[in-house]
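Here's the letter readout for the chains.
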Amino acid sequence: MDRKKELKQQYKETAIEAGIFQIKNTKNQKIYIGSTRNLKTLNGVKFMLDMDGYKNKELQKEWLEYGKDSFEFEVLEILKKKETAYFNEKEELQKLEEKWLDHLQPYGESGYHSRK
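The rules we used
- Every chain's residues receive numbers from 1 upward, in the order its sequence appears when written.
- The model is predicted, so local features are restricted to residues of pLDDT at least 70 and side-chain atom pairs to those at 80 or more, both for listing and for counting; the totals for chains, interfaces and linings are taken over all residues.
- Remark: hydrogens and water are excluded; side-chain values derive from all non-hydrogen atoms of the structure.
- If DSSP finds at least two bridges between two strands, the strands pair.
- The numbering of helices and of strands both runs from the N terminus, where a helix is a DSSP run of H or I of at least 4 residues and a strand a run of E of at least 2.
- Simply put, an axis is a line fit to the C-alpha atoms, just over the touching stretch for a helix, and the angle between two N-to-C directions goes from 0 to 180 degrees.
- In what follows, a contact means two residues having at least one pair of non-hydrogen atoms within 4.5 Å.
- Three labels apply to residues, based on accessible area from a 1.4 Å probe with only protein chains included: buried if under 20% of the type maximum, exposed if over 50%, partly exposed otherwise in between.
- Here a polar contact is recorded for every N or O atom pair within 3.5 Å, except that within protein the pair must consist of a potential hydrogen donor and a potential acceptor, and residues adjacent in sequence are included only if both atoms are side-chain atoms.
- Every definition here rests on a 1 Å grid over the protein atoms only: cavities are sets of points where a 1.4 Å probe fits but cannot get out, pockets are open sets enclosed by protein on both sides within 12 Å along at least five of seven lines, and lining residues have some atom within 4 Å of a point.
- Grid points are joined across faces, edges and corners, and a volume is the space filled by probe spheres set on the points.

Some remarks on the sheet that holds strand β1 (residues 19–25)
Pairing between sheet strands relies on hydrogen bonds along the backbone, with the strands arranged either parallel or antiparallel. With respect to topology, three strands assemble into an open sheet ordered β2-β1-β3, the strand pairing being antiparallel. On the outer flanks of this sheet lie β2 (31–36) and β3 (71–78), each paired with one strand and no other. Taking the axes of each pair of neighbouring strands and ignoring which way they run, one obtains an average angle of 25 degrees across the sheet. Of the strand pairs in this sheet, β1 and β3 are connected by seven bridges, and their pairing is antiparallel. Residue pairing for β3: N25 is matched across the bridge by F71. Helix-sheet contacts for helix α3 (residues 57–66) involve β1, β2 and β3, and the interaxial angle to β3 is about 140 degrees. Packing against the sheet, helix α4 (residues 89–104) makes contact with β1, β2 and β3, and its axis sits at approximately 165 degrees to β2.

Right, here's the structure in full:
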C-alpha cells in the first residue's frame, strides 16, 4: 500500500473524538473557547477563518488583522463518553464548554466571548 493510501486508512480508523478547544491570539492573549463533536474538524475552523467566514466576528476581524501565524489552537479537553443507555453527546459537550468558559473567563479584554 502506498503512503497516501496508508495515511488515508489511518485517518478513517482514528476514533472520532468530541471536545473543547481554545484559539489564542499570541499578540494580545485573547482567547476563544469552542466545542466540536469531531476534533478532526479544527482544520475546517482554520479554513473558515482564512476564508473570512467564521461565526465569531471579533475573532474573525483579528484573524485577518494579525494573520493566522498569530494564533494557536489547543485541545483543552476530550469528552469522555459514558457507556450508559442514554448519553446525549451534544448536551454533555455544552456542559463541558460552559465549565471552561467559567474557568477561563474569556470575556471583554480577555477573550472573544460576550456574557449571556
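From this point, the narrative continues.
Some words on α3
L59, Q60, E62 and W63 are the residues of α3 that are buried. Those residues of α3 that are buried are in contact with β1, β2, α2 (42–50) and β3. Between a side-chain oxygen at the N-terminus of α3 and the backbone nitrogen of E58 the separation is 3.3 Å; the capping residue is N56. Looking one or two residues past α3, G67 carries a phi angle of roughly 90 degrees, positive in sign.

Considerations on the layout of surface pockets
In this structure, the largest pocket spans a volume of roughly 260 Å³. Lining the largest pocket we find Q94, E97, E98, L101, Y107, H113, S114, R115 and K116. Here the second largest pocket is characterised by a volume of approximately 210 Å³. Contributing to the lining of the second largest pocket are 14 residues, with F21, Y32, S35, Y54 and K55 lying nearest its centre. Mapped onto the lining of the second largest pocket, the elements with two or more residues apiece are β2 and α2. Ranked by the residues each element gives to the lining of the second largest pocket, the list is headed by β2, at four residues.

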